[in-house]
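# Examination of the molecular architecture
For reference, the chains in residue letters:
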Amino acid sequence: DEIRELMVKMGDGEKPIWITEYGWATNDWEKQAKLLRESFAEIKKRPYIKIATFHTLNDWRGNEADPNSLIPMGLLTYDLRPKPAYWEFKRIAHGWE
């Protein structure tokens, strides 16, 4: 909101805002789904946000040779099983322009 206020003040109020990456590294799948729901609700309140890209589709390893280097940010697990946040994303985003 502060960036938007500055844009308006500087005469750039007609320009859209793009959120190029958002998401959370968490092993708490329900918390991730909750944060996703809350983010969608806040984005919907701001019509000047035209693009918001979730990062990332699936969990990955920081070091492929090290199974303990998992980075749990995805909507899917490392082996592509959907997490609760995946179903929330699909439910909320379906039909949203």
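Whatever comes next refers back to the structure up there.
Residues numbered from 1 in each chain as written. Predicted model: local features only at pLDDT ≥ 70, side-chain atom pairs only at ≥ 80, totals over all residues. Heavy atoms only, no water.

## Side note on the overall build of the chain
Broken down by element type, the chain carries three helices and four strands. Taken over the C-alpha trace, the chain has a radius of gyration of 16 Å; the compact-globule value for 97 residues is 13 Å, which it surpasses by more than 25%. By its C-alpha atoms, the chain is 50 × 30 × 20 Å across when sized along the principal axes. Contacts in the chain between residues far apart in sequence, at least 24 positions, make up 46% of those at least 6 positions apart. (Helix = DSSP H or I, 4+ residues; strand = E, 2+ residues; numbered from the N terminus. Rg over C-alpha atoms; globule rule 2.2 N^0.38 Å. Contact = heavy atoms within 4.5 Å.)

## Describing the pairing of strand β2 (residues 49–54)
The pairing of strand β1 (residues 17–22) with β2 spans four bridges and is classified as parallel. Residue pairing for β2: Ile19 is matched across the bridge by Ala52. A crossover links β1 with its parallel partner β2, the connecting element being helix α2 (residues 29–44), and its sense is right-handed. (Pairing = 2+ DSSP bridges. Right-handed = clockwise from strand over helix to strand, strands pointing away.)

## Here's the deal with the nonpolar core
Counting 13 residues, the largest nonpolar core has Tyr22 and Leu36 as the members making the most contacts within it. Every element with two or more residues in this core is listed here: β1, α2, β2 and α3 (84–93). Leaving out residues up to four positions away in the same chain, Tyr22 has contacts with Leu36, Ser39, Phe40, Ile43, Ala52, Thr53, Phe54, His55 and Phe89. (Core = buried A, V, L, I, M, F, W, Y, C linked by side-chain atoms within 4.5 Å. Buried < 20%, exposed > 50% of the residue type's maximum accessible area, 1.4 Å probe, protein only.)

## What about the packing of α2 against α3?
Closest axis-to-axis distance for the α2/α3 pair is 8 Å, and the angle between their directions is 20 degrees. It follows that α2 is roughly parallel to α3 by the angle criterion. Between α2 and α3 lies a crossing whose hand is right-handed. In this structure, α2 contributes Trp29, Glu30, Gln32, Ala33, Leu36, Arg37 and Phe40 to the contact, and α3 contributes Pro84, Ala85, Glu88, Phe89, Arg91, Ile92 and Ala93. Among the residues making up the contact of α2 with α3, the classes are represented as nine nonpolar, one polar and four charged. (Axes fitted to C-alpha atoms, helices over the stretch in contact; angles between N-to-C directions. Parallel < 35°, antiparallel > 145°, perpendicular 65-115°, else oblique. Left-handed = near helix turned anticlockwise from the far one by under 90°. Nonpolar A, V, L, I, M, F, W, Y, C, P; charged D, E, K, R; others polar.)

## A word on the side chain of Gln32
Mapped onto the elements, Gln32 comes out in helix α2. Aside from chain neighbours lying at most four places away, what touches Gln32 is Trp24, Thr26, Phe54, Met73, Gly74, Lys83 and Ala85.

## Focus: the packing of aromatic side chains
Tallied over the full model, the rule gives six aromatic pairs. Ring centres 5.3 Å apart and planes at 90 degrees place the aromatic pair Tyr22 and Phe54 in the edge-to-face group. Taken together, the residues Tyr22 in strand β1 and Phe54 in strand β2 connect sequence positions 32 residues apart. Pair check on accessibility: Tyr22 and Phe54 agree, each one buried. A centroid spacing of 4.8 Å and a plane angle of 85 degrees characterise the contact between Tyr86 and Trp87, whose relative ring orientation is edge-to-face. A relative accessible area of 24% places Tyr86 in the partly exposed class. (Phe/Tyr/Trp six-rings, centres within 6.5 Å; stacked < 30°, edge-to-face > 60°.)

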